[in-house]
Amino acid sequence: MDKTSQQLEVVSTGVTDTAGRTLILLGHGSHLNADSAQAVRRHAQAVRERGLFGEVIEAYWKEEPSLRQVLRLARFRDVTVVPLFVSEGYFTNQVLPRELGLTWRGPLPPQGVREVVGGRQIHYTRPYGIHPAMSDVILARAAEVYPDWTPQDTALVVLGHGTGRDPHSREAIEQAADRLRQGGHFAEVQALYLDQEPNVADWQTLTQAPTVVIVPFFASEGWHTLETIPADLGLTGPVTRLGGRTVCYSRPVGTHPTVTEVVLRLVEDSADTGNADTGNTAADLDPDWQAAGETLAQAVTSGAGGLTVGELCITPLPEGGFHLCHQDDVGRADLRAVPLGDLSAWTGRSDEGHHRPIRTGRTLPRGWFAAVSAAEVRAALHAIYPAVLEQAHLWGLGRLPVTPWPETAARQSGRYARVRRAAPEQVAQARRDLCSACLRTPLWAGELLDDAAAVPLPCPEACTLLVSQVRQLLSGEIAHA
Ligand code: SF4
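No experiment lies behind these values; they were computed from the predicted model shown. (Residues numbered from 1 in each chain as written. Predicted model: local features only at pLDDT ≥ 70, side-chain atom pairs only at ≥ 80, totals over all residues. Heavy atoms only, no water.)

### Focus on the confidence of the model for the chain
Mean pLDDT over the chain: 88, with 88% of residues reaching 70 or higher. Counting interchain partners and residues more than four positions distant, the pLDDT-below-50 stretch residues 4-14 has 26 contacts. Ignoring residues within four places in sequence, the model shows residues 273-283, a span with pLDDT below 50, making 23 contacts including any to other chains. (pLDDT = per-residue confidence, 0-100. Contact = heavy atoms within 4.5 Å.)

So, in structure tokens, the structure goes:
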């Protein structure tokens, strides 16, 4: 039986009439792991290549562009936001709506919610992990790691993280496991968890079949899927013999290419709710967006030597279009060409290979260049320095909202809520540690911006890295100076 081809048929896309809409895909991202955002980036690029939306933007909780920045980037007033999370819970029901500026909190209705934020009509959907088609993605992952499984002698373990913080977080996994159980594809199907019961540590007693296929129900490859799970279970690779049984360990569901189709299906399935009234037609280009693009084009073309933004130099090409490279690489003939679609990932690591969750850190890598058309230059700048153009533009208009530290601290919840208790000197230390290595000026801390630059780099609000640094100072994970 060709399980893979049969099971992937379920996904199709009937997404229509979306050319005048912005699609935003939200991921968790990581302060530590550069690969964490890769799955979101790939799904965004796959949707982009399908040409189904006017634009597709990624944003992250822990990286840039951040959730706080992303709505200002939308070129259209009709915006669909899809959390690329595998389950519903604390993040999708509390953190993401809060950071986006939505008033909604709590479990989402099947069609998602619609609200007007900053003049944009936002349609916020449930996460893709709850979609029924995820059962087929699980089957596809199982087929990759063990193509010859038979329903008689193979057990399936759908492995989730689990958290006691939100009872809804298990629903996606339990429902997918139920569907697969009813499908009769395996002798037994178990939903097991890392941090809850039934716990994956007990897989040997909770399953009986001679072969066990474990499929991590995780959104991306990372610390858990690559390190803690294999180490805790004693797995040595995709196939391991353990206690006289065979354990097949697949890659996580979230990185499977067909998740792109699940995302599109989710958008399609949740498209029939009423519209919140923005007073604009759906396809209206946002005037701020147009003005910011024009400002950039003028700034680049008016200076003979091009335009410097942070460590980046943008110069017009004689044949049309623009050349982008590190300012210290101008004139070098040995630079490597990087396509626009790869710019974000390429500049996401420093020359030393370190992850750059905050892209305005003074560590832009060297040795590359990008040649882009006039229509692409804004996207290229965004890939290297997310949201800086839009923020500079709003700053120039005197309309960039600045959020002082106490407001940012008061908004934090969960393990970050303790930053509300930070003393001013602890916040100042975190600022010295991080902001001094960043090209942005922390307006949120009262610093003054040198706006002589063609594209000034204001920081209107403490980033998640700074919030995390303050939390670590408070918990003693890093030492006070
Ligand atoms: Fe940069 Fe500091 Fe702003 Fe973070 S808070 S983006 S480190 S200036």
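### So, the site of the ligand
Close contacts around the ligand come from I358, C435, C438, R440, W444, C459, A462 and C463, and that covers them all. In terms of residue class, the shell around the ligand is built from 7 nonpolar, no polar and 1 charged. (Near = heavy atom within 4 Å. Nonpolar A, V, L, I, M, F, W, Y, C, P; charged D, E, K, R; others polar.)

### Examining the pairing of strand β2 (residues 55-60)
Within β2, 6 of the 6 residues are buried, leaving the element largely enclosed by the surrounding structure. Across the two faces of β2 the burial is the same, with E55, I57 and A59 and V56, E58 and Y60 all buried. In terms of strand pairing, strand β1 (residues 22-27) meets β2 through 6 bridges, oriented parallel. For L26, the partnering residue across the bridge sits in β2 and is A59. After leaving β1, the chain enters helix α2 (residues 38-50) and then returns to the sheet as β2, a path that is right-handed. (Buried < 20%, exposed > 50% of the residue type's maximum accessible area, 1.4 Å probe, protein only. Helix = DSSP H or I, 4+ residues; strand = E, 2+ residues; numbered from the N terminus. Pairing = 2+ DSSP bridges. Right-handed = clockwise from strand over helix to strand, strands pointing away.)

### Let's talk about the pattern of salt bridges
Throughout the structure, instances matching the rule amount to 19 salt bridges. Between E261 and R50 there is a salt bridge, and its shortest N-O distance comes to 2.7 Å. Of this pair, E261 sits in helix α9 (residues 259-269) while R50 sits in helix α2, and the two are 211 residues apart along the sequence. With its nearest N and O atoms 2.9 Å apart, the salt bridge here joins R411 to E99. Remark: E99 occurs in helix α4 (residues 90-100) and R411 occurs in helix α14 (residues 405-411); sequence separation between them is 312 residues. If you follow the salt bridges from partner to partner, you end up with R68, R98, E99, R411 and E461 in one network. (Salt bridge = Lys/Arg side-chain N within 4 Å of Asp/Glu carboxyl O.)

### Some points on the sheet that holds strand β14 (residues 336-337)
The strand order across the open sheet built from 5 strands is β11-β12-β13-β15-β14, with neighbouring strands paired in mixed fashion. Both outer strands of the open sheet, β11 (307-309) and β14, are each paired with one neighbouring strand and no more. Here β11 runs beside strand β12 (residues 312-316); their pairing, made up of 3 bridges, is antiparallel. Within the sheet, the bridge partner assigned to L307 lies in β12 and is I314.

### Some details on the sheet that holds β1
Reading across the sheet, the 5 strands line up as β2-β1-β3-β5-β4 and stay open at both edges, with mixed pairing between neighbours. The sheet terminates laterally at β2 and β4 (113-117), the two strands that pair on one side only. Between one strand and the next, the sheet's axes are offset by a mean angle of 25°, whatever the strand orientation. Where strand β3 (residues 78-83) and strand β5 (residues 120-124) come together, 4 bridges link them in parallel fashion. Its bridge partner lying in β5, T80 is registered against H123. Strands β1, β3, β4 and β5 of the sheet are contacted by α4, whose axis makes an angle of about 165° with β5. (Axes fitted to C-alpha atoms, helices over the stretch in contact; angles between N-to-C directions.)

### Quick word on the side chain of N199
Checked against the element boundaries, N199 lands in the loop between β7 (188-193) and α7 (203-206). Classification of N199 as buried rests on a relative accessible area of 15%. Among the polar contacts listed, one links the side chain of N199 to the backbone oxygen of Q196, at a separation of 3.3 Å. Reaching out from N199, the side chain makes a polar contact with the backbone nitrogen of A201 at a distance of 2.9 Å. (Polar contact = N/O pair within 3.5 Å; in protein donor to acceptor, adjacent residues only side chain to side chain.)

### Observations concerning helix α5 (residues 134-145)
In an α-helix, one turn spans 3.6 residues; hence positions three or four apart end up facing the same way. Under the 1.5 Å per step criterion, the end-to-end length of α5 is 17 Å for 12 residues, consistent within 8% with the ideal 16 Å. Most of α5 sits inside the fold, with 11 of its 12 residues counted as buried. Every buried residue belonging to α5 is among M134, S135, D136, V137, I138, L139, A140, R141, A142, A143 and V145, and all of these are buried. (Expected span 1.5 Å × (residues − 1).)

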